[in-house]
Structure formats: structure tokens, C-alpha cells
Amino acid sequence: NAGVTQTPKFRILKIGQSMTLQCTQDMNHNYMYWYRQDPGMGLKLIYYSVGAGITDKGEVPNGYNVSRSTTEDFPLRLELAAPSQTSVYFCASSDKQGVSPDTQYFGPGTRLTVL
Amino acid sequence: KNQVEQSPQSLIILEGKNCTLQCNYTVSPFSNLRWYKQDTGRGPVSLTIMTFSENTKSNGRYTATLDADTKQSSLHITASQLSDSASYICVVHTGGFKTIFGAGTRLFVKA
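Residues numbered from 1 in each chain as written. Chains lettered and ligands numbered in written order. Predicted model: local features only at pLDDT ≥ 70, side-chain atom pairs only at ≥ 80, totals over all residues. Heavy atoms only, no water.

## Structural notes on the packing of aromatic side chains
Applying the stated criterion to the full structure yields 10 aromatic pairs over all chains. Measuring from centroid to centroid gives 5.7 Å for A:Tyr35 and A:Phe106, while their planes differ by 40 degrees, and the two rings are tilted. Of the two residues, A:Tyr35 sits in strand 4 (residues 31–37) while A:Phe106 sits in strand 10 (residues 105–106), which places them 71 residues apart along the sequence. The two residues A:Tyr35 and A:Phe106 agree in class, both being buried. Between A:Phe90 and A:Phe106, the aromatic rings sit 6.5 Å apart at their centres with planes inclined by 85 degrees, giving edge-to-face as the arrangement. One end of the pair, A:Phe90, is in strand 9 (residues 87–94); the other, A:Phe106, is in strand 10, and 16 residues separate them in sequence. A single burial state applies to A:Phe90 and to A:Phe106, both of which are buried. Cluster of aromatic residues (ring-pair linked, three or more members): A:Tyr33, A:Tyr35, A:Phe90, A:Phe106, B:Tyr36 and B:Phe101. Its guanidinium or amino end placed over the ring of A:Phe74, A:Arg68 lies 5.9 Å from that ring's centre, counting from NZ or CZ. (Phe/Tyr/Trp six-rings, centres within 6.5 Å; stacked < 30°, edge-to-face > 60°. Helix = DSSP H or I, 4+ residues; strand = E, 2+ residues; numbered from the N terminus. Buried < 20%, exposed > 50% of the residue type's maximum accessible area, 1.4 Å probe, protein only. Lys NZ or Arg CZ within 6 Å of the ring centre and 35° of its normal.)

Have a look at this one:
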């Protein structure tokens, strides 16, 4: 079990460029999430998905898009990179949400710098 | 406004010593509270989870407490080890997909 994997580990973008952050989990979890972590701040939810074909916005979705065509994959797309998107991005998955959500398992993160 | 505040921001202790990290939250409704450990360059890993009715939970040398009346939680680390050097994040779930993360306490354990 690899758990949650993310690629790339690091990336530098120029303003206006686009890229896709990849996330894959092999735990057959229905729920997947994208967070960003800025220095000295708590993680903020960008988008989440409750299953293949179903996604919804989190707290800070502007400038990002997601898709969920399979249970395993949940890519995050940046269309027009801006310096404000410089951050560390974490993908996570969990088994279920509700009154007592299961543990979220996090990937190792992607460190993105936009210059 | 839903908030999770942690203190101290950072802490340096000697190997073998104990320490306690604090978490105050103003989150409603409350579903459960977790403590995560985040090593440098890695994603967070869950240490403990407590629901409203639980006031203490242990995981090895880590013991978390919860006072739902005062909306405070603490994480006590016993006999610290160099490998305990990490950020410790307090996370409150409100139910559904709403999760509020604290900014974390950065712990440095020195030999």
C-alpha cells in the first residue's frame, strides 16, 4: 500500500502558466481532498470529492479546478498561476465523512512557487 | 467565526523531558478533535481522535485531553525523543466536510 502519492514534489511556475498537480490513492477511499498550507497558517480546504464524478468547493477554491474520473485519482488544476498560489499543496483521502469522519491520510505534498 | 488557536507557536525542549501543547477552539457544531503530527516535508499523520464525550486519549507517549465545556484540548508528550521534533496540529471537525486546522506548534527536541 503506497497510500496517497503526489507528483511533482516541487515545481516553479511563471505567472500565467498552468499546471496539474497529481494525486493518487490506493486505499479505495471514496473521499478525497486538496488543501493548501501557507507558512504559519493552518491547512485550508480547496476542493473535495465524495466519489468519482462528484466534486465540490472548499474554503479557498478560486483559481483552481478539479476532476474525479476514477476513485483513485484526484488532480488539481491551476489555470493561470499567480504569486498568491505559492504554497504547499496536500492531497488527502478518507473512508467516510459524517458525524465521526474517518482519519484523513495525507500525501507528502507538492511545494509550488509562482514567480 | 470558527477558529482553532494553538500555543505556543514553537517550543524547544531537551530530550527526555515532557511537554504540553495547547489548543483552544471556537468551533460549532463540534464533531470531534484530532491531533496530527507533521514531520518536516511530509503530510500530517493522525495521532489521536476524541469525540465530545471523551476527555482523554493516549497513543504511546502521546496523551490528548479534551474539555468540551471550556473548548480546550492539550497534547502531552512524555519522555520526548529526537524523533518527536515536528509540528503538531490540532484539528476540529464540525461534521460533514467542514474541518478547521490550527496553525500548529513547532516542537524542537534537542539532544
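Next comes the rest of the write-up.
## Some remarks on the state of the cysteines
Residues and elements named next belong to chain B. Per the counting criterion, the structure on display carries 2 disulfides over all chains. The disulfide bridge from Cys23 ends at Cys90, spanning 2.0 Å between sulfur atoms. Looking along the S-S bond of the Cys23-Cys90 disulfide, the torsion reads about -65 degrees, which is the left-handed sense. Taken together, the residues span a long stretch of sequence, with Cys23 in strand 3 (residues 19–26) and Cys90 in strand 9 (residues 86–95) at a distance of 67 residues. There is no split in this pair, since Cys23 and Cys90 are both buried. Looking at the unpaired Cys19, the closest cysteine sulfur is the one in Cys90, lying at 15 Å. Judged by its relative accessible area of 6%, Cys19 falls in the buried class. (Disulfide = S-S within 2.5 Å.)

## A word on the sheet that holds strand 7 (residues 62–67) of chain B
Residue and element names in this part refer to chain B. Taken in spatial order, the 5 strands line up as 1-3-8-7-6 in an open sheet, and their pairing is antiparallel. Sheet topology places strand 1 (3–7) and strand 6 (56–59) at the edges, where each strand pairs with a single neighbour. Strand-to-strand twist across the sheet, computed as the mean angle between neighbouring axes with direction ignored, equals 15 degrees. Summarising the sheet, strand 1 and strand 3 pair through 5 bridges and their orientation is antiparallel. Bridging across to strand 3, Val4 finds its partner in Tyr25. (Pairing = 2+ DSSP bridges. Axes fitted to C-alpha atoms, helices over the stretch in contact; angles between N-to-C directions.)

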